[in-house]
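Results of the structural survey
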Amino acid sequence: MIDKPNGRIKTVSTEDSLSEHERLAEALDRQFSEIFGTEADGRFFVDMLLPKPPPVRTNEAELSWRPTVIAGGASKTGRETGVSQRIKVVRARTAAFDVDAQNTFTEICPDELPVKGGQDIVDELNAQAALCAVRVGSKDAHSPAAVWIAGEGRQPMSRLDGYDNADVCWPVHAVPGTPGFRLIDGLPPVTDYDYFVWKGVEPDMHPYGACYHDIGERMSTGVIEYLKSRGIDTVLVGGLATDYCVRHTVLQLLRAGFRVVVNLAAVRGVAADTSEAALREMRQAGAVLTAGAAELEAAS
Ligand code: VGL
């Protein structure tokens, strides 16, 4: 910094704005040259001896909702996290959607597709449904002889080629008649829902979103049409898993023109990084994220 007091050019030592680190480096430089009469790199010693100051995080706002995804509860304010607070919905025009809330995606079925904490979403699913006029749900319903089943030479989650409606190898899961197929304990019987979707019944079809039977999204499961026929414009979504079926269902509902609220306390994901990316994608596509049903207010 240059200053000109009394017309003389003076280098203003930026003493005040120097960090502790830099001050020490300069002092060491001076001492070294006084003692040895040669130049020294004081910064080198300081860097070696002192812990580095923490790096400045420029994208703090983006990263700060990471714990929310994993724990399913928001710890930061809405502005920091992208999680909205106090959302109003009109009961008569709002539906709750329980996406694949089945044992197969919980630790009850360790050999299928267990999602950490999957069984903990029940209270939140019930709480969000209590705010709504309509409750719909979906289940995976897969053959144990489906073409996409992982096995010899086919790693789970490896790419599968050659099928229009199955793209990844998965372990056997959600087979009707097995415990994995059942809704998680504490949820209503399927007959108590207003509308229900069973998906992936054909052995060569493994869709993710609950709104279409096929990956190309040409064959409706009817749920969008049902919701529209009931005058629904807002859908509160929870279920399993955040990074697969919840993600696709939310994006399909948004494309169909619904206002979609994703309840973070009612979802769990397979992996933290893909869940985080999925939530970011859903938010960018127009979904609203809420920390839990307690943040929602239903007006009649
Ligand atoms: C799902 C992976 C494979 C899900 C289903 O319901 O999220 N994920 N099959």
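Residues numbered from 1 in each chain as written. Predicted model: local features only at pLDDT ≥ 70, side-chain atom pairs only at ≥ 80, totals over all residues.

This part takes up the overall build of the protein chain. Helix and strand content of the protein chain: nine helices and 11 strands. Across the 300 residues that make up the protein chain, the buried fraction comes to 38%. Nonlocal contacts in the protein chain, meaning residues at least 24 apart in sequence, comprise 70% of its contacts between residues at least 6 apart. (Helix = DSSP H or I, 4+ residues; strand = E, 2+ residues; numbered from the N terminus. Buried ≥ 20, exposed ≤ 12 C-beta atoms within 10 Å, placed from the backbone. Contact = placed C-beta atoms within 7 Å.)

The sheet built from seven strands is open, its strands ordered E3-E10-E9-E8-E5-E6-E7 with parallel pairing. Edge positions in the sheet fall to strand E3 (83-84) and strand E7 (195-199), since each of these pairs with one other strand and no more. Where strand E9 (residues 259-268) meets strand E10 (residues 288-290), three bridges bridge the pair, whose relative direction is parallel. Bridge assignment links Val261 to a residue of E10, and that residue is Val288. Helix H6 (residues 122-129) rests against strand E5 (94-99), strand E6 (134-140), strand E8 (234-240) and E9 of the sheet, and its axis sits at about 155° to E9. (Pairing = 2+ DSSP bridges. Axes fitted to C-alpha atoms, helices over the stretch in contact; angles between N-to-C directions.)

The environment of the ligand is formed by Asp100, Phe105, Leu113, Asp140, Trp170, Leu240, Ala241, Tyr244 and Cys245. Looking at the shell around the ligand residue by residue, the class counts come to seven nonpolar, no polar and two charged. (Near = placed C-beta within 6 Å. Nonpolar A, V, L, I, M, F, W, Y, C, P; charged D, E, K, R; others polar.)

A few words now on unusual backbone geometry. Here Leu240 and Ala241 are connected by a cis peptide whose omega angle stands at -10°. Checked against the element boundaries, Ala241 lands in the loop between E8 and helix H8 (242-255). Phi is positive for Arg86, close to 45°, though the residue is something other than glycine. Looking at the secondary structure, you find Arg86 in the loop between E3 and strand E4 (87-90). The phi dihedral of Glu217 is positive, around 60°, even though this residue is not glycine. Inspection of the secondary structure puts Glu217 in the loop between E7 and helix H7 (223-229). On the neighbour-count criterion, Glu217 (15 C-beta atoms within 10 Å) is partly exposed.

All of the buried residues in H6 are Glu124, Leu125, Gln128 and Ala129. Buried residues of H6, seen end-on, are gathered within an arc of 135° and therefore sit on one face of the element. In the core, the buried residues of H6 are packed alongside E5, E6, E8, E9 and strand E11 (296-299). (Arc of directions from axis to C-beta.)

A word on the confidence of the model for the protein chain. Residues at a pLDDT of 70 or more form 73% of the protein chain, whose mean pLDDT is 83. Counted against residues more than four places away or in other chains, residues 1-17, with its pLDDT under 50, gives eight contacts. (pLDDT = per-residue confidence, 0-100.)

With 60 residues, the main nonpolar core has Ala95, Val235, Val237, Val250, Val260 and Val262 as its most contacted residues. Taken together, the elements giving at least two residues each to this core come down to E5, H6, E6, H7, E8, H8, E9 and helix H9 (272-284). For this core, the element with the most residues is E9, which contributes seven residues. Aside from chain neighbours lying at most four places away, what touches Ala95 is Cys132, Val134, Arg135, Val136, Leu227, Ile232 and Val235. (Core = buried A, V, L, I, M, F, W, Y, C linked by C-beta atoms within 7 Å.)

Across the interface, H8 lies against H9 with an axial gap of 9 Å and an inter-helix angle of 10°. In this view, H8 runs roughly parallel relative to H9, as classed from their interaxial angle. Every residue of H9 that contacts H8 at Thr242, Asp243, Arg247, Val250 and Leu251 is listed here: Thr274, Ser275, Ala278, Leu279, Glu281 and Met282. Each residue belonging to the contact of H8 with H9 can be placed in one class, and the counts come to five nonpolar, three polar and three charged. (Parallel < 35°, antiparallel > 145°, perpendicular 65-115°, else oblique.)

Turning to H9, a few remarks are in order. Here H9 is 13 residues long and its end C-alpha atoms lie 18 Å apart, about the 18 Å a rise of 1.5 Å per residue gives. Listed as buried for H9 are Ser275, Glu276, Ala278, Leu279 and Met282. Taken end-on, H9 shows its buried residues confined to a sector of 160°, consistent with a single buried face. Turned more than 90 degrees off the buried face of H9, the exposed positions are Asp273 and Gln284. Phi turns positive, to about 120°, at Gly286, one or two residues after H9. (Expected span 1.5 Å × (residues − 1).)

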